[in-house]
Amino acid sequence: MLVAKIAVSAATYWIDRPYDYLVPETLADRVKPGMRVYVPFSRGNRRSEGLILALSDHSTYERLKPVEQLLDEEPVLDEEQIKLALFMRERFFCTVYAAVKAILPAGLWFTDEGDKRVHDKTVQMARLLIAPEDAAEIAAQKRMRSRQQANLLELLCSFPALPVRELLQHSGAKRQSLKALVNAQLVELYSQEVYRRPDVFVGEKEELPLLNAEQQTAFDGISALTSKGEAGAALLFGVTGSGKTSVYIHLIAQELKRGRSAILLVPEIALTPQMLHTFSSHFGNEVAVLHSSLSTGERFDEWKRVRAGKARLVIGTRSAVFAPCRNLGLIIIDEEQEETYKSENTPRYNARDVAKFRCTRARCLLLLGSATPDIASRYAAQIGRYAYFRLDTRYNERELPAVRIVDMKRELRRGNGGSISAFLRDEIAQNIERGEQSILFINRRGAHKLVSCGDCGYTYRCPRCSVSLTYHSANKRLICHYCAYSRRVDESCPDCGGTLKYIGVGTQMVETELHELFPEIEIMRMDTDTVTPAGSHEELFARFREEKIPVMVGTQMVTKGLNFENVTLVGVISADQSLYAGDYRAGERSFSLITQVVGRSGRGQKPGRAVIQTYTPDNETIQQAARQDYDAFYTSELSLRRLQNSPPFRDILALTASGVDERLVVQTCRYARERLTQLLGTDRTTELLGPTPLTVVRVNNRFRYRVLINGKNNAATRAALAQIVCECNTDKRFRGVSVYADNDPAD
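Residues numbered from 1 in each chain as written. Predicted model: local features only at pLDDT ≥ 70, side-chain atom pairs only at ≥ 80, totals over all residues. Heavy atoms only, no water.

(A) Looking closely at the pattern of salt bridges. Throughout the structure, instances matching the rule amount to 44 salt bridges. As a salt-bridge pair, Glu-411 and Arg-414 come within 3.9 Å of each other at their nearest N and O atoms. For Arg-414, a relative accessible area of 66% puts it in the exposed group. One network of salt bridges, with partners in common, ties together Asp-120, Glu-193, Arg-196, Asp-301 and Lys-304. (Salt bridge = Lys/Arg side-chain N within 4 Å of Asp/Glu carboxyl O. Buried < 20%, exposed > 50% of the residue type's maximum accessible area, 1.4 Å probe, protein only.)

(B) Spatial organisation of the packing of aromatic side chains. The final tally for this structure, using the stated rule, is 18 aromatic pairs. Seen in terms of ring centroids, Phe-544 and Phe-564 are 5.1 Å apart; in terms of plane orientation they differ by 80°. Their pairing is edge-to-face. With Phe-544 in helix H16 (residues 536-546) and Phe-564 in the loop between strand E24 (551-554) and strand E25 (567-572), this pair connects stretches of sequence that are 20 residues apart. According to the relative accessible area criterion, Phe-544 is buried, its value standing at 0%. Given a relative accessible area of 4%, Phe-564 falls into the buried group. Following the ring pairs from residue to residue traces out a cluster consisting of Phe-237, Phe-591, Tyr-630, Phe-633 and Tyr-634. Directly above the ring of Trp-109 sits Arg-36, whose terminal nitrogen or CZ lies 5.1 Å from the centroid. Across from the ring centre of Tyr-190, 4.0 Å away, lies the NZ or CZ of Arg-127, which sits over that ring. (Phe/Tyr/Trp six-rings, centres within 6.5 Å; stacked < 30°, edge-to-face > 60°. Helix = DSSP H or I, 4+ residues; strand = E, 2+ residues; numbered from the N terminus. Lys NZ or Arg CZ within 6 Å of the ring centre and 35° of its normal.)

(C) Highlighting helix H11 (residues 351-362). Helix length check: H11 (12 residues) gives 16 Å between terminal C-alpha atoms against 16 Å at 1.5 Å per residue, within 8%. Listing the buried residues of H11 in full gives Ala-351, Arg-352, Val-354, Ala-355, Phe-357, Arg-358 and Cys-359. Buried positions along H11 lie against helix H1 (79-92), strand E10 (261-265), strand E13 (328-334), strand E14 (365-370) and helix H12 (375-382). Where H11 starts, the residue carrying a side-chain oxygen 2.9 Å from the main-chain nitrogen of Arg-352 turns out to be Asn-350. (Expected span 1.5 Å × (residues − 1). Contact = heavy atoms within 4.5 Å. Polar contact = N/O pair within 3.5 Å; in protein donor to acceptor, adjacent residues only side chain to side chain.)

(D) Structural view of empty space enclosed by the protein. According to the stated counting rule, one finds one cavity of 30 Å³ or more in the structure shown. Of the volumes computed, that of the largest cavity is approximately 60 Å³. Lining the largest cavity, in full, are Phe-237, Val-239, Thr-240, Ala-371, Leu-400, Thr-595, Gln-628 and Tyr-630. For the lining of the largest cavity, the class distribution of residues is five nonpolar, three polar and no charged. (1 Å grid on protein atoms, 1.4 Å probe; cavity = no way out; pocket = protein on both sides within 12 Å on 5 of 7 lines; lining within 4 Å. Points joined across faces, edges and corners; volume = space filled by probe spheres on them. Nonpolar A, V, L, I, M, F, W, Y, C, P; charged D, E, K, R; others polar.)

(E) Molecular detail of the sheet that holds strand E7 (residues 162-163). Strand order in this open sheet of three strands is E7-E6-E8, and the pairing throughout is antiparallel. One side of each edge strand has no neighbouring strand; the edge strands of this open sheet are E7 and strand E8 (187-193). In the sheet, strand E6 (residues 122-128) pairs with E8 via seven bridges, with the strands oriented antiparallel. Opposite Val-123, over in E8, you have Gln-192 as the bridge partner. Taken strand by strand, helix H4 (residues 147-157) contacts E6, E7 and E8, and its axis lies near 95° from that of E6. (Pairing = 2+ DSSP bridges. Axes fitted to C-alpha atoms, helices over the stretch in contact; angles between N-to-C directions.)

(F) Summary view of the nonpolar core. Counting 70 residues, the largest nonpolar core has Ile-252, Phe-279, Phe-283, Leu-367, Met-526 and Met-552 as its most contacted members. In terms of residue count, the dominant contributor to this core is helix H8 (residues 244-257) (seven residues). Excluding its chain neighbours within four sequence positions, the residues that come into contact with Met-526 are Val-531, His-537, Leu-540, Phe-541, Met-552, Val-553, Gly-554, Thr-555, Met-557 and Val-558. Membership of the second largest hydrophobic core comes to 54 residues, among which are Ile-263, Ile-331, Tyr-349 and Ala-380. (Core = buried A, V, L, I, M, F, W, Y, C linked by side-chain atoms within 4.5 Å.)

(G) Main features of the sheet that holds strand E29 (residues 702-711). Taken together, the four strands give an open sheet; going across it, the order is E28-E29-E27-E30, and neighbouring strands pair in antiparallel fashion. Two strands bound the open sheet, and with one partner strand each, they are strand E28 (687-699) and strand E30 (738-743). Adjacent strand axes in the sheet meet at a mean angle of 20° when their direction is disregarded. One ladder, built from seven bridges, connects E28 with E29; its direction is antiparallel. Its bridge partner being in E29, Arg-698 is matched across the sheet by Phe-703. Seen against the sheet, helix H20 (residues 662-680) touches strand E27 (651-659), E28, E29 and E30 and runs at an angle of roughly 15° to E29.

(H) Up close: the packing of helix H7 (residues 213-227) against H8. Contact geometry for H7 and H8: axes closest at 10 Å, N-to-C directions at 35°. Crossing hand, H7 versus H8: right-handed. Within the contact between the two elements, H7 uses Gln-215, Phe-219, Ile-222, Ser-223 and Thr-226 and H8 uses Ser-246, Val-247, His-250, Leu-251, Gln-254 and Glu-255. For the contact of H7 with H8, the class distribution of residues is four nonpolar, six polar and one charged. (Left-handed = near helix turned anticlockwise from the far one by under 90°.)

Here it is, written out as structure tokens:
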């Protein structure tokens, strides 16, 4: 008897476990762990996909349902990937199948009808069945009576094989002539698989960049760690423009030379094309790119190239951490502090945690790089858990930008109620006159944060979410940035008929003000309203660089990783915006954003300047960001974290409940807290907080409350949390309430 231990896709989290199924004799010699199957599931024997986790010759159950159908010819997951899926289930509170769906590309999955979503792309090829000399002789004989056949034969004499479309195009022949040659057994047609690939650099390979003394020291130290063949982690701190990428290139080149592979993660899709061009210029077709803006076919084919060992360097965003690299030697996470590495959808994984697991299994190095490292990462380096390396000067030995802090309260007293101060306006004007470029950063899209009545105080609020609607001047509509509800704005207050006022500033409003101040220049706006998922950010950045557009206004996508040599001025429109968010990471987030965007200035031969506009100019975090003084910020922030008992001194886990009945949601959270108190006992190092509403308590008519566990993220705590999730989702008293658990929640 052959028994398959199967993870079933139809199993919810609270009944998720390996299920035993009998393997029929007709499939016994073909099944392997890592293959997908169809199996009957539940009392109704509903057909469901499943993944074989292991095979056994016995089962504790007497009667077993049989496997109905084998879906794969070869395993889609190897042993290490199966272990990764099991790790994700335990660590990120998801089903095994949800983890598998995160690991595998969408092109591997099936439609409801049982067909593959994406099929291999093939082209029809033609090649000679006879020797080229014989073909040339036959072509000469056919020249008079069948010129097209002669042209086809002559062209095929020069190539081992040609795509049929190109063959017909270059020879000028019709398909009937080619068919005649096939019938005469002179030419053979066959199908050949081709890869759908995103645009990549196709020029000459460049030499590796030269390293300065500081970079060489960092490279030598990190290289020594990779040579050990042991699992480890290192943090590379480097000021903006210090050349961390050059160190990455040398480390990757070394791993490829050793016959190993590497993964490089970047936080934003907008950074991927730039990174891809840089690394392709050194490593050519060894590079594969994986991110969500690729078509399903492109992503599937890039995954196949990596799995086949045809691409040994993978560059991509968060999901690229699952790339099926063979003989993994190095994982690099650039801008490692970014929150985009954390998934907010099931499975709620952090790419850094997945990378740690993979490096442990592969016995290789995880390298974290940043100009503003995550406080927890820096602390791990301080206590010796991570190796630590520094790049304290810019690669071209240029000074960091000179920074000016502008007090916007003074601007108001002087009668300037706009978003651009007089000082910043003059700096932009000087840049325009010199032909230099400027970047302005504001972390809010739209024109105005809200529209309010000056007489009665009425504000437009989303009917489905507990937030105000944001006014977008491009289409003159009010839009909810959470559920996408929209409506037109009234000419007067719908409550009292008073005059409406437009309050707050977004990217559209800044763009409008700039057009009024500088009507003769072109201004580019970069936010989610102007950038589509299909790669338009790359086109916009290319235009900004090549056409030297004077000013670019953008949200977070302009703050990191970009290298424009002609940008000599950066303006932070509202430095206070994220500083008082009520989150323990608010200061860290603000410092990182300001530091990163200021670092976009002066990266070429010309000196850079930056202007930080704020209503709290004496704020310590803003002062430290203006000085680009990460060490001072880290010291003060770490002291605050110690007082708060927040990471890195304690971990935070959360149990979140959502539902349409607010009273029932709160009741569910209260029950969860009581049960957690019972399960976790009287551990003084663990503190339970809540129920508390999320920052935005209602989204799309569902209320959201949370219980926080401030303690140790260990197996016992996760087991208790998993048990409560199962209890709450199966208890009939809480019907209609959805409950899930999360590590280190983002809000």
